[in-house]
Amino acid sequence: MEEPLRAFIALWPDEKTRGKIYKVSKQIEHLQPNGKFRLTPANKLHMTLAFLGGISQEDRGKILRMLRTGSFPGSRFVLDRMGVFPKSGILWLGETDSSLSALAGLVRKELANIGIGYDKTPFRAHVTLARNWRLPAPVIKFKTIVWDYGAPCLVLSIPDGRGRRNYLRIKSE
């Protein structure tokens, strides 16, 4: 029997935007004693719109068709603040006025319409900069980042055999 793939639907930044986000994350490397936190590698920076968990090959096809035929307009948002989710130890970069809530809601509605389950945790627009962060959000200066985005994509999370996961982005176009 085939093992289900862990997956999520996300916005994936272009290289220029990714570089700007990573530059902000590199500013925090020295801020926590003993470096117990883990920075998100540049190639994994994204914004999750819906976490799906395990999906089958059949579900993967349904999701890709939904993303290809759905009306998910591209737009722009601004990453302008840093925060922490204390329970999970996530240090994040996000926007003050989340214009992405409507897009996340639309993606989640379309998933429900095709019978695909997803994590019902309320959407909070953020890019994870670091995990295992145990301090308040650092106060650092950074230039706000304008992110022009296109259609969401399906991302598969694949174990690498060493306790980490690699991301495989599957474009719907």
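Residues numbered from 1 in each chain as written. Predicted model: local features only at pLDDT ≥ 70, side-chain atom pairs only at ≥ 80, totals over all residues. Heavy atoms only, no water.

Asks: Talk me through the nonpolar core; I want residue IDs and the actual numbers.
Replies: In this structure, M47, L52, L111 and L154 are the most contacted members of the largest nonpolar core, which totals 44 residues. Top contributing element to this core by residue count: strand β3 (residues 47-55), with five residues. Beyond its immediate chain neighbours, meaning those up to four positions away, L154 contacts A7, F8, I9, L52, I55, R60, I63, L64, L67, L168, R169 and I170. F8, A10, W12 and V155 belong to the second largest nonpolar core, which has five residues in total. (Core = buried A, V, L, I, M, F, W, Y, C linked by side-chain atoms within 4.5 Å. Buried < 20%, exposed > 50% of the residue type's maximum accessible area, 1.4 Å probe, protein only. Helix = DSSP H or I, 4+ residues; strand = E, 2+ residues; numbered from the N terminus. Contact = heavy atoms within 4.5 Å.)

Asks: Give a description of the pairing of strand β7 (residues 126-131) that names residues and reports values.
Replies: Counting buried positions along β7 yields five of six residues, so the element is predominantly enclosed. Direction of pairing for strand β6 (residues 90-94) relative to β7: antiparallel, over a ladder of four bridges. Residue W92 lies in a different strand from β7, and its bridge partner there is T128. (Pairing = 2+ DSSP bridges.)

Asks: Please provide a residue-by-residue account of helix α3 (residues 101-113), values included.
Replies: The first and last C-alpha atoms of α3 sit 18 Å apart over 13 residues, in line with the 18 Å expected at 1.5 Å per residue. Every buried residue belonging to α3 is among L103, A104, V107, R108 and L111, and all of these are buried. Taken around the axis of α3, the buried residues stretch over an arc of 130°, which confines them to a single face. Opposite the buried face of α3, at more than 90 degrees from it, the exposed residues are A102, K109 and N113. G115, located one to two residues past α3, shows a positive phi value of around 80°. (Expected span 1.5 Å × (residues − 1). Arc of directions from axis to C-beta.)

Asks: Before we move on, could you go through the pairing of β6 and cite the residues and values that matter?
Replies: Burial of β6 is extensive: five of the five residues sit out of reach of the surface. Of the two faces of β6, the one lined by I90, W92 and G94 and the one lined by L91 and L93 are each fully buried. Examined bridge by bridge, strand β5 (residues 81-85) and β6 share five bridges and lie antiparallel to one another. Of the residues in β6, the one forming a bridge with R81 is G94. The loop that links β5 with its antiparallel partner β6 comprises four residues; one of these, G89, has a positive phi angle of about 70°.

Asks: Give a detailed account of the environment of K36, specifying residues and quantitative values.
Replies: On the secondary structure map, K36 appears in the loop between α1 (15-26) and β2 (38-39). Of the residues examined, K36 reaches a relative accessible area of 58% and is grouped as exposed. Sequence-wise, K36 and L79 are 43 residues apart; in three dimensions their C-alpha atoms are separated by 25 Å.

Asks: Requested: an account of the pattern of salt bridges, with residues and values cited.
Replies: Per the counting criterion, the structure on display carries three salt bridges. One salt bridge connects E15 with R18, and the closest N-O pair in it is separated by 3.8 Å. Residue E15 and its partner R18 are located together in helix α1, separated by three residues, close to a single helical turn. Accessibility expressed as a relative area gives 61% for E15, which makes it exposed. D148 is the salt-bridge partner of R76, the closest N and O atoms lying 2.6 Å from each other. Remark: D148 occurs in strand β8 (residues 145-149) and R76 occurs in strand β4 (residues 75-79); sequence separation between them is 72 residues. A relative accessible area of 48% means that R76 is categorised as partly exposed. (Salt bridge = Lys/Arg side-chain N within 4 Å of Asp/Glu carboxyl O.)

Asks: Please give an account of the packing of aromatic side chains that cites residues and values.
Replies: This structure, assessed with the given rule, holds five aromatic pairs. Arranged with centres 5.6 Å apart and planes meeting at 50°, the rings of F77 and Y149 form a pair that is tilted. Of the two residues, F77 sits in strand β4 while Y149 sits in strand β8, which places them 72 residues apart along the sequence. Summarising the burial analysis for this pair, F77 and Y149 share the class buried. An aromatic cluster of three or more residues is present, and its members are F77, W147 and Y149. The cationic tip of K120 hangs over the ring face of Y118; the distance from NZ or CZ to the ring centre is 4.0 Å. (Phe/Tyr/Trp six-rings, centres within 6.5 Å; stacked < 30°, edge-to-face > 60°. Lys NZ or Arg CZ within 6 Å of the ring centre and 35° of its normal.)

Geometry only, nothing functional implied.
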